[in-house]
Amino acid sequence: MRIAVTGSTGTLGSQVVNLLAASAGHQVVALARRPEAVPARLTEQALRSGVVTAVRADYDEPGSLVAALGGVDVLVFVSGDGEAARMVVQHQNVVRAAVDAGVGHVVYLSGVDADLASPFCYAFTNGWTERLLEGSGLPFSFARASLFTEFFAAFLRPALRSGELRVPAGDGRVSLVSRSDVGRCLAALAVQPPSGRHHDLTGPASSTLETVAQVLSGIAGRPVRYSDVPPPALAEELARAGEDPWWTYAYCSMFASIREDRWGGVSGEVLRLTGRAPAALDVVVRATA
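Small disclaimer: the values here were computed from a predicted structure and weren't measured.

Notes on the side chain of D181
Among the secondary structure elements, D181 is positioned in helix 7 (residues 179-190). The class for D181 is buried, based on a relative accessible area of 2%. Within polar-contact distance, the side chain of D181 engages the side chain of R184 at 2.5 Å. Contact partners of D181, with chain neighbours within four places excluded, come to V270, P278 and A279.

This is the structure we're talking about:
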């Protein structure tokens, strides 16, 4: 098969490209705004394989997307980031291009909280994109990932230093999943027939932030406590630290969805798709912190 991967110069997209290049019998199209940057993200094995082709594709240029997707059997659509309104337009461009190019299967990276009613900004973009794909007629598989442990580590690393995990999560639970586990699932779904359904990709356990703080205590070798700060306090602290206004809003809306307990589910899909259990929270935190 000819399999295209968006975001191929990013951490997740490049992982999927390398995994697919290592599997037999597939041509891999690494889509990127700067295709010249793709080789630096490839493993030696992928470089030597000769099956990876870097092709220019810009979410903001529909023509480049249609051209890049010509002859593609499967598209691994790694959702973008940045301002949600712009993402809605970009994702629409990708879906339209996939339709025009006659792509046979779209594997879309969504989120467990893909709900238009969620307070989380990216829950809206994911839910909207899923609806767009469902109405497009394209065969699809939705990889609904839980929150990435590596992404959440932006709050865990300071807690390891200070001894306090200060986030407005209430009693909500999270089943944090490693980015590498999600990448392996995307690669697995890409070589399977379209499932026409969503696959919840979660970590092995559902934890309150109090439990997360206990895990951090074991890593730090000293107590780390969880403080459920008021939501405005997080916004103020991020602003004082110089965080971009958009990301301040994105983080705050994410914790609002955690407070509503939208991320606590645990599934066996990582094991089912890859044959390997998802990495435990402490293992990933130790590796990233």
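Structure's up, so let's keep going.
Remarks on the pairing of strand 9 (residues 198-201)
Where burial is concerned, the two faces of strand 9 differ: the one with H199 and L201 is buried and the one with H198 and D200 is not. Bridge count between strand 6 (residues 140-145) and strand 9: 4 bridges; the pairing is parallel. The residue bridging R144 from the neighbouring strand is D200, located in strand 9.

Considering the nonpolar core
Grouped together as the largest cluster of nonpolar side chains are 36 residues, with contacts concentrated most on F152, L165, L209, L216, M254, F255 and I258. Counting only elements with at least two residues in this core, the list comes to helix 4 (84-101), helix 5 (121-136), helix 6 (149-162), strand 7 (164-167), helix 8 (209-220), helix 9 (231-240), helix 10 (245-259) and helix 12 (281-288). Ranked by the residues each element gives to this core, the list is headed by helix 10, at 6 residues. Excluding residues that lie within four positions of it along the chain, L165 makes contacts with F155, L156, A159, L209, V212, A213, L216, V224, R225, Y226 and S227. Membership of the second largest hydrophobic core comes to 34 residues, among which are L20, L42, V78 and C185.

A word on the sheet that holds strand 6
One open sheet accounts for 7 strands, arranged 3-2-1-4-5-6-9; its pairing is parallel. With partners counted over all chains shown, the strands left at the sheet margins are strand 3 (52-56) and strand 9, one partner each. Adjacent strand axes in the sheet meet at a mean angle of 20°, parallel and antiparallel pairs treated alike. Direction of pairing for strand 1 (residues 2-5) relative to strand 2 (residues 27-32): parallel, over a ladder of 4 bridges. Looking at strand 2, one finds that V5 is bridged to A30. Set on the sheet, helix 5 makes contact with strand 4 (74-77), strand 5 (105-111) and strand 6; between it and strand 5 the angle comes to about 160°. Sitting on the sheet, helix 7 is in contact with strand 1, strand 4, strand 5, strand 6 and strand 9, with an inclination near 155° to strand 5.

A short note on the environment of A97
Tracing the backbone through its elements, the reader meets A97 in helix 4. In this structure the C-alpha to C-alpha distance between A97 and A67, which are 30 residues apart in sequence, comes to 8.4 Å. In this view, A97 contacts L65, V66 and L69; residues no more than four positions away in its chain are not counted.

Quick word on the packing of helix 8 against helix 12
Between helix 8 and helix 12, whose axes approach to 10 Å, the crossing angle comes to 55°. With respect to helix 12, the element helix 8 is oriented oblique. The two elements helix 8 and helix 12 meet at a crossing, and its hand is right-handed. Only L281, D282, V285 and R286 of helix 12 make contact with helix 8, whose side of the interface consists of V212, V215, L216, G218 and I219. When its residues are assigned to classes, the contact of helix 8 with helix 12 shows 6 nonpolar, 1 polar and 2 charged.

Topic: helix 9
For helix 9, the set of buried residues is A233, L234 and L238. Down the axis of helix 9, the smallest arc covering the buried residues is 130°, so these residues share one side. Turned more than 90 degrees from where helix 9 packs its buried face, P232 and R240 sit exposed. Lining the buried residues of helix 9 we find helix 6 and helix 10. Once helix 9 finishes, G242 follows within two positions and takes phi at roughly 85°, a positive value.

Side note on the pairing of strand 3
As judged from the 5 bridges shared by strand 2 and strand 3, these two strands associate in the parallel manner. Residue pairing in the sheet places A32 in a bridge with R56 of strand 3. The handedness of the strand 2 to strand 3 crossover, carried by helix 2 (residues 44-49), is right-handed.

Description of the layout of surface pockets
Rolled over the atoms, a probe as big as a water molecule pinpoints where empty space is left. One number sums up the size of the largest pocket: a volume of about 1,200 Å³. V78, S79, G80, D81 and G82 are the residues nearest the centre of the largest pocket, which is lined by 42 residues in total. Elements represented by at least two residues in the lining of the largest pocket include exactly helix 1 (11-22), strand 2, helix 4, strand 5 and helix 5. For the lining of the largest pocket, the residue count by class is 18 nonpolar, 16 polar and 8 charged. Estimates place the volume of the second largest pocket at around 210 Å³. Considering the residues around the second largest pocket, the lining is formed by A154, F155, P158, A159, S162, E164, R166, L234, E237, L238 and A241. Those elements giving two or more residues to the lining of the second largest pocket turn out to be helix 6, strand 7 and helix 9. Ranked by residues supplied to the lining of the second largest pocket, first place goes to helix 6 with 5 residues. A class-by-class count of the residues in the lining of the second largest pocket yields 7 nonpolar, 1 polar and 3 charged.

Thresholds, definitions, all that
Residues numbered from 1 in each chain as written. Predicted model: local features only at pLDDT ≥ 70, side-chain atom pairs only at ≥ 80, totals over all residues. Heavy atoms only, no water. Helix = DSSP H or I, 4+ residues; strand = E, 2+ residues; numbered from the N terminus. Buried < 20%, exposed > 50% of the residue type's maximum accessible area, 1.4 Å probe, protein only. Polar contact = N/O pair within 3.5 Å; in protein donor to acceptor, adjacent residues only side chain to side chain. Contact = heavy atoms within 4.5 Å. Pairing = 2+ DSSP bridges. Core = buried A, V, L, I, M, F, W, Y, C linked by side-chain atoms within 4.5 Å. Axes fitted to C-alpha atoms, helices over the stretch in contact; angles between N-to-C directions. Parallel < 35°, antiparallel > 145°, perpendicular 65-115°, else oblique. Left-handed = near helix turned anticlockwise from the far one by under 90°. Nonpolar A, V, L, I, M, F, W, Y, C, P; charged D, E, K, R; others polar. Arc of directions from axis to C-beta. Right-handed = clockwise from strand over helix to strand, strands pointing away. 1 Å grid on protein atoms, 1.4 Å probe; cavity = no way out; pocket = protein on both sides within 12 Å on 5 of 7 lines; lining within 4 Å. Points joined across faces, edges and corners; volume = space filled by probe spheres on them.

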